[in-house]
Amino acid sequence: MNLSRPLLLASNSPRRKELLTGLGLAFEVKVKEVHEDFPAELKREEIAKYLAGHKADQYLEDLEDQILLTADTIVCLGDQVLNKPADYQQAYDMLRSLSGTHHEVITGVCILTSESKTVFHDITKVYFKALSHEEIDYYITNYKPYDKAGAYGIQEWIGKIGIECIEGSYFNVVGLPVQKLYQQLSELGFLKINC
């Protein structure tokens, strides 16, 4: 599978790198420090899409004949956004709030070239069983999920023992809705499948 232009991934996430590689796409990683503030009036998917687009905008002046890909994943419990926890207590409180209920994982994605900007999102509903204090403590102590929105990774231990079911894309929860990305790249004319 080939892209019509070189692909730049603006993310250090090992999970996003792995998912793009799994799609059969060649890419380079280019990362800048970008503040992840957003306007207070934004809600849920608006936040994820804003952040993905905002990140992409920081690269626009450096783009030549390339495709830039940015993404931002948030976890929403109702209208409350659970960002990356700063410490053990925040991670514990987040997982306790997710325990025994469902929440939504929303990833905003931006595909940027020097001529066009496409922003889209995907939503997956995730159902957690009731987690015990010991399970939450074990996970945080051993996996230190401080780089993950909502304080968990679905592909890690807590996902294997705690998630009862999901509605929507598993890969969206990992951090990139690859099926929708593939569809968008195809519709934009950037993707060609070689026999």
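Located above this text is the structure these notes cover.
This one's a predicted model, so the numbers in the text were calculated from it and none came from an experiment.

Caption draft 1: Looking closely at the packing of aromatic side chains. All told, the structure shown has five aromatic pairs when counted by the stated rule. Ring geometry for Tyr139 versus Tyr143: centroids 5.3 Å apart, planes at 25°, classification stacked. Taken together, the residues span about one helical turn, with Tyr139 and Tyr143 both in helix α4 (residues 133–143) at a distance of four residues. With relative accessibility at 32%, the residue Tyr143 sits in the partly exposed group. Between the aromatic rings of Tyr170 and Phe171, the centroid separation amounts to 5.4 Å while the plane-to-plane angle is 80°, which identifies the pairing as edge-to-face. Looking at Tyr170, the relative accessible area reads 35%, which means it is partly exposed. In this structure, Lys32 is placed above the aromatic ring of Tyr59, and the distance from its NZ or CZ to the ring centre is 5.2 Å.

Caption draft 2: Broad picture of the environment of Leu131. Its place among the elements puts Leu131 in the loop between β7 (117–128) and α4. Relative accessible area serves as the criterion here: at 4%, Leu131 is assigned to the buried category. The spatial distance from the C-alpha of Leu131 to the C-alpha of Gly162 is 6.9 Å, given a sequence separation of 31 residues. Apart from the residues lying within four places of it in its own chain, the contact partners of Leu131 are Leu95, Arg96, Ser99, Ile136, Ile158, Ile161 and Gly162.

Calculation notes
- Residues numbered from 1 in each chain as written.
- Predicted model: local features only at pLDDT ≥ 70, side-chain atom pairs only at ≥ 80, totals over all residues.
- Heavy atoms only, no water.
- Phe/Tyr/Trp six-rings, centres within 6.5 Å; stacked < 30°, edge-to-face > 60°.
- Helix = DSSP H or I, 4+ residues; strand = E, 2+ residues; numbered from the N terminus.
- Buried < 20%, exposed > 50% of the residue type's maximum accessible area, 1.4 Å probe, protein only.
- Lys NZ or Arg CZ within 6 Å of the ring centre and 35° of its normal.
- Contact = heavy atoms within 4.5 Å.

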